[in-house]
Amino acid sequence: MPIRHRLLAGLVAVLWGLNFLAIHASLEHFPPFLCVALRWALLAVPTMLFVPRPRVRARWLIGYGVGFGILQFVFLYWAMAIGMPTGLASLVLQSSAPFTVILGAVLLREHLSRTAMLGAAIAVGGLAIVGSQRFGGATLWPFLLTVAGGLGWALGNLASRQARPQNPLHLTLWMSVVPPLPMFALSWLVEGPDAVTSSLATALTPGAVPALLGLAYTCLVATVLAGGIWTWLMKAHPASRVAPFSMLVPVVGLSTAWLVLGEVPNPVEILGGVIVIGGVLYGSRGPRRPGELTPLDGEVVPAR
């Protein structure tokens, strides 16, 4: 890869890492389920008006929307709303990588190399180390919810892989059409009409400005801009050259959460994070045969 393309890949990782701060800001005003509905609704409307619908089977588009758009972000936003540290969330969400490999082998009968299996096992071990710091307390539930978000992302990866879109960014944008109505309904039922109407009624007040900026960043910068650059890079170069840059996302997420929010992970959590990243990178190395999955497969447009 030319140096300018490496810099672009690094820029995307920075933009995605910063997105966790944007999510944190959004959740300061909007309840989590409503926040998920709004982030996708802001993309869905212009998508339906201006973006050609990808020529893929509806079931894979819907499956991608349910896994990637609903399950991933319901659990992630819920976890962050009840206490999951912002930086640590960016790391634990990488559980999607080993989940993608394991589910691909089980559900799609994809070939799983020894390298990929060992990489997935190392990553799971790293997650267990991070999770061990949260057993037996109120912090366990947010951790498990974030892991569940990684599982939802993995299910979305498999649907995206089965869709085989000619333009992955168009698929991601059209996936945004799936979540809004179910999420508005879920928010109304679970979070209640009062919470929904109150947060919307005060959305244009000065106190809501950071939340609105966070939503705008998530939709325009993290999804459209960064996702568009990433898709272009994935078309221009082998996935094995581009995909490892996504492992910089939790590094940026943890660093910026420490600088901005004062979150400091303990040494054991840092060790577990290094093991997670190392496992994912190890599993993606080496030559691949057709149909072989690595921990970085399916992560075409992570649009966090």
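Residues numbered from 1 in each chain as written. Predicted model: local features only at pLDDT ≥ 70, side-chain atom pairs only at ≥ 80, totals over all residues. Heavy atoms only, no water.

**Q** Looking at this structure, how should I read the overall build of the chain?
**A** Summing up its helical and strand segments, the chain has 14 helices and 0 strands in all. For the chain, the N- to C-terminal ordering of α and β elements is α-α-α-α-α-α-α-α-α-α-α-α-α-α. For the chain, the C-alpha radius of gyration of 18 Å lies close to 19 Å, the compact-globule estimate for 304 residues. Taking the principal axes of its C-alpha atoms as reference, the chain extends roughly 55 × 45 × 40 Å. Each of the 304 residues in the chain was classed as buried or not, and the buried ones make up 54%. By sequence separation, contacts in the chain at least 24 residues apart represent 89% of the contacts at least 6 residues apart. When the accessible surface of the chain is totalled, it reaches about 13,200 Å², and 70% of it is carbon and sulfur. (Helix = DSSP H or I, 4+ residues; strand = E, 2+ residues; numbered from the N terminus. Rg over C-alpha atoms; globule rule 2.2 N^0.38 Å. Buried < 20%, exposed > 50% of the residue type's maximum accessible area, 1.4 Å probe, protein only. Contact = heavy atoms within 4.5 Å. Areas by Shrake-Rupley, 256 points an atom, 1.4 Å probe, with all protein chains shown as cover.)

**Q** Would you mind showing me how to read the packing of helix H3 (residues 58–81) against helix H7 (residues 140–163) here?
**A** How two helices pack is summed up by the angle between their axes together with the distance between the axes. The contact between H3 and H7 brings their axes to 7 Å, and the two run at 165°. The angle between H3 and H7 places the two elements in the roughly antiparallel class. Crossing of H3 over H7 shows left-handed handedness. (Axes fitted to C-alpha atoms, helices over the stretch in contact; angles between N-to-C directions. Parallel < 35°, antiparallel > 145°, perpendicular 65-115°, else oblique. Left-handed = near helix turned anticlockwise from the far one by under 90°.)

**Q** Even after reading the chapter, I still don't get the packing of aromatic side chains, so can you show me in this structure?
**A** Working definition: an aromatic ring pair is given by the centre-to-centre distance plus the angle between the planes. Enumeration according to the criterion identifies 8 aromatic pairs in this entry. Seen from their ring centres, Tyr 64 and Phe 68 are 5.3 Å apart, and the 45° between their planes marks the pair as tilted. One end of the pair is Tyr 64 and the other is Phe 68, both in helix H3 and 4 residues apart, which spans about a single turn. A single burial state applies to Tyr 64 and to Phe 68, both of which are buried. (Phe/Tyr/Trp six-rings, centres within 6.5 Å; stacked < 30°, edge-to-face > 60°.)

**Q** What am I meant to see in the packing of helix H1 (residues 3–27) against helix H13 (residues 248–261) here?
**A** Two elements in contact, H1 and H13, have axes separated by 8 Å at closest approach and are oriented at 45°. Taken together, H1 and H13 sit at an angle that is classed as oblique. Every pair of crossing elements has a handedness; the one defined by H1 and H13 is right-handed. From H1, Ala 13, Val 14, Trp 16, Gly 17, Leu 18, Phe 20, Leu 21 and His 24 reach across to H13, where they touch Leu 248, Val 249, Val 252, Gly 253, Thr 256, Ala 257, Val 260 and Leu 261. Here the contact of H1 with H13 is composed, by residue class, of 12 nonpolar, 4 polar and no charged. (Nonpolar A, V, L, I, M, F, W, Y, C, P; charged D, E, K, R; others polar.)

**Q** What exactly am I supposed to notice about unusual backbone geometry here?
**A** Trans peptide bonds make up the majority, and among non-glycine residues the majority have a negative phi. A positive phi angle, near 50°, is found at Arg 164, a position not held by glycine. In this fold, Arg 164 is placed in the loop between H7 and helix H8 (168–175).

**Q** Hey, could you run me through the environment of Val 268 in this one?
**A** Looking at the element boundaries, Val 268 is found in helix H14 (residues 267–283). The sequence separation of Val 268 and Gly 131 amounts to 137 residues, and the corresponding C-alpha distance is 9.8 Å. Residue contacts for Val 268: discarding those within four places in its chain leaves Ile 129, Ser 132 and Gln 133.

**Q** Any chance you could explain the confidence of the model for the chain here in plain terms?
**A** Where the model shows low pLDDT, its predicted coordinates should not be examined in detail. With 90% of its residues at a pLDDT of 70 or more, the chain has an overall mean of 86. Taken element by element, the predicted model of the chain shows its lowest mean pLDDT in helix H12 (residues 239–242) (68) and its highest in helix H9 (residues 180–190) (96). Across residues 298–303, where pLDDT falls below 50, the model places 31 contacts with residues more than four positions away in sequence or in other chains. (pLDDT = per-residue confidence, 0-100.)

**Q** In this structure, what is going on with the state of the cysteines? I would like to understand it.
**A** In protein structure, a disulfide is the covalent linkage between the sulfur atoms of two cysteines. Enumeration over the complete set of coordinates arrives at 0 disulfides. A disulfide-free cysteine, Cys 35 has its sulfur positioned 9.2 Å from the sulfur of Cys 219, the nearest such atom. Overall, Cys 219 belongs to the buried group, its relative accessible area being 4%. (Disulfide = S-S within 2.5 Å.)

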